[in-house]
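Survey of secondary and tertiary structure
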Amino acid sequence: MTSSKRLILFVIIVLCAPLVTAQESAVETFEISITQAVLDDLETRLDQTRYPDQITGAGWQYGMKLEYLQSLLTYWQNEFDWRAQEARLNSFNHFLAEVDDTRVHFIYERGEQGNNDILPVLVLHGWPSSFVQMLELIPLLTEAHDGLSFDVVVPSLVGYGFSDIPDEPGMSVAVMAELFHTLMTETLGYERYAVRGSDLGAGVIQQIALLYPESIVGVHLSGTNPFVAFVPDDMTDAEQAFVSRAQAWFQQEMSYAMQHSSYPQTLAYALNDSPAGLAAWIMEKFWAWTDHEDDLESVLDRDELLTNLVLYWATKTINSSMRLYYEVARDPGQFGFVTVPTGMLMSDADFFPTPREWAARSYNIVHWTPIERGGHFLEWEIPSVVADDMRLFFNSLVF
């Protein structure tokens, strides 16, 4: 980095430094502790799983493969050590904050001090994951490299994990955008901050960038959005191919989202009552959306996948997590062009390739990194690639 750019970045980081505010009194430390009664009940339910039939040799053609689910649930019941995973989760700094009458859970890890600049970054997950998706990424960002480290804030989306479960309608990505902006600015005291996310988390980030562009240093995103709401008349050949792929993918793969956005409550009774049902619904998506060659657990660790499932099970948040689709369908939030400088790390293995010119219709893209590997959960699948690209992008910005 040149000395002039270093000086500019230093000035901006000073503006980004956390302030001492009255809101800090609304923040409390948090330790994850699932009661033994919940774990015993889970083991009993796993032991009593009643499996359905399966067409001989069907594999994944009809959905969750029976043999894979049986293997996963057997391991979950007999070998998975939740207490060990709980201890690992608690090695991070967890907090709860009251933000506009909503309790928000978040991990907050401060960047390495020293002769380097520190930039706060809000990192958001989507469905069907959780903050577990970001655990390998966090220490890669807090370490100082190339003169930059990050203060990393990883919340649980509202209705997910240990954040509040909404008991009134309307908790959409637009409302969450306001909550997380307040968390970063008023609660934690940052004047300006960076944002990173994918899936539904990217939807929240888009709203933050549209609502509060003056507060956002830069936007870093990944992932194909298969929902095409508007088809322009002046598409390139690559965009036409993308729209055709997206429409076909939507018809074949988006039935889950249609259920979430129409009648999530009906589905929730089964998933909230059966760990086998919960695992089948969630793990089928990890199998389908992760970049692997017929071996999901060569990419995502089995214990971490089960940790993610336990979080949904123990907090009873499968219903509220799915309900976010319902709210977004009725309140998609602000429409407009994101003027904040945007970097995109885009994998051809995430659903299908997205051309840069299509993304540029919605975002001020100043950084575009195409990669050939990594699926829909890049922070989990290839965290070092994500961290390196984030560092390259944010270091390149002249604010």
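Overview of the structure. These numbers come from a predicted model, not from an experiment. Positions within a chain are numbered from 1, following the residues in the order the chain's sequence is written. Two thresholds apply to this predicted model, a pLDDT of at least 70 for residue-level local features and 80 or more for giving and counting side-chain atom pairs, whereas whole-chain, interface and lining totals are computed over all residues. Computation of side-chain values covers all heavy atoms of the structure but excludes hydrogens and water.

1. Quick look at unusual backbone geometry
The peptide bond linking W127 to P128 adopts the cis configuration, its omega dihedral lying at 5°. Put simply, DSSP marks the helices as runs of H or I at least four residues long and the strands as runs of E at least two long, and each gets a number from the N terminus on. Along the chain, the position of P128 falls in the loop between β4 (117-124) and α5 (137-142). Within the chain, F351 stands out as a residue other than glycine whose phi angle is a positive 65°. Within the element layout of this structure, F351 appears in the loop between β8 (338-347) and α14 (356-359). Each residue's exposure class comes from its accessible area (1.4 Å probe, protein chains only) as a fraction of the maximum for that residue type: buried when under 20%, exposed when over 50%, partly exposed otherwise. For F351, a relative accessible area of 18% puts it in the buried group.

2. Description of empty space enclosed by the protein
Lining residues are those with an atom within 4 Å of a point, where the points come from a 1 Å grid over the protein atoms alone and group into cavities, where a 1.4 Å probe fits but cannot get out, or pockets, open sets with protein on both sides within 12 Å along at least five of seven lines. Grid points are joined across faces, edges and corners, and a volume is the space filled by probe spheres set on the points. Here the structure, examined in full by the defined rule, presents 1 cavity of 30 Å³ or more. Taken as a whole, the largest cavity encloses approximately 60 Å³ of empty space. If you go around the largest cavity, the residues you meet are V158, P166, E168, M171, M176, S320, R323, L324 and E327. For the lining of the largest cavity, the leading source of residues is helix α13 (residues 318-330), giving 4 residues.

3. Considering the pattern of salt bridges
Take a side-chain nitrogen of Lys or Arg and a carboxyl oxygen of Asp or Glu: if they are within 4 Å of each other, that pair is a salt bridge. The final tally for this structure, using the stated rule, is 12 salt bridges. One salt bridge in this structure joins R196 and E379, with 2.8 Å as the shortest N-O distance. Here E379 lies in helix α15 (residues 378-381) and R196 lies in strand β6 (residues 193-197), a separation of 183 residues in the sequence. Linking E239 and R361 is a salt bridge whose minimum nitrogen-to-oxygen distance equals 2.6 Å. With a gap of 122 residues between them, E239 in helix α8 (residues 237-253) and R361 in the loop between α14 and β9 (363-371) connect regions that are remote in the sequence. Residue R361 is classed as partly exposed on the basis of its relative accessible area, which comes to 33%. Each of D41, R45 and D273 takes part in a single network of salt bridges with overlapping partners.

4. Focus on the sheet that holds strand β3 (residues 102-109)
Through backbone hydrogen bonds, the strands of a sheet pair up, either in parallel or in antiparallel fashion. With mixed pairing, the 9 strands of this open sheet are ordered in space as β1-β2-β3-β5-β4-β6-β7-β8-β9. Each edge of the open sheet is held by one strand with a lone partner, namely β1 (27-30) and β9. Each neighbouring strand pair of the sheet contributes to a mean axis angle of 25°, computed without reference to strand direction. Pairing of β4 with β6 involves 4 bridges; the strand directions are parallel. Its bridge partner being in β6, V121 is matched across the sheet by A194. A contact between two residues is defined here by any heavy atoms of the two lying within 4.5 Å. Structural elements are reduced to axes, namely lines fitted to C-alpha atoms, with helices fitted over the stretch in contact, and the angle between N-to-C directions of any two is expressed from 0 to 180 degrees. Helix α7 (residues 199-211) rests against β4, β6, β7 (216-221), β8 and β9 of the sheet, and its axis sits at about 155° to β7. When DSSP finds two or more bridges between a pair of strands, those strands are recorded as paired.

5. A closer look at the side chain of S198
Relative to the helices and strands, S198 resides in the loop between β6 and α7. For S198, the contacting residues outside a window of four places in its chain are L124, H125, G126, Q133, S222, H376 and E379.

6. Points about the packing of helix α3 (residues 66-78) against helix α11 (residues 275-289)
Where α3 meets α11, the closest approach of the two axes is 11 Å, and the angle between their N-to-C directions is 120°. Relative to α11, the element α3 is oriented oblique. Crossing angle aside, the handedness with which α3 passes α11 is right-handed. Residues Y68, L69, L72, L73 and W76 of α3 touch α11, and the partners they reach there are P275, A276, A279, A280, M283 and W287. Should an angle fall under 35 degrees it is called roughly parallel, over 145 degrees roughly antiparallel, and 65 to 115 degrees roughly perpendicular, with every other angle called oblique. Two helices that cross are described as forming a left-handed crossing if the nearer one is turned anticlockwise from the farther one by less than a right angle, and a right-handed crossing if clockwise.

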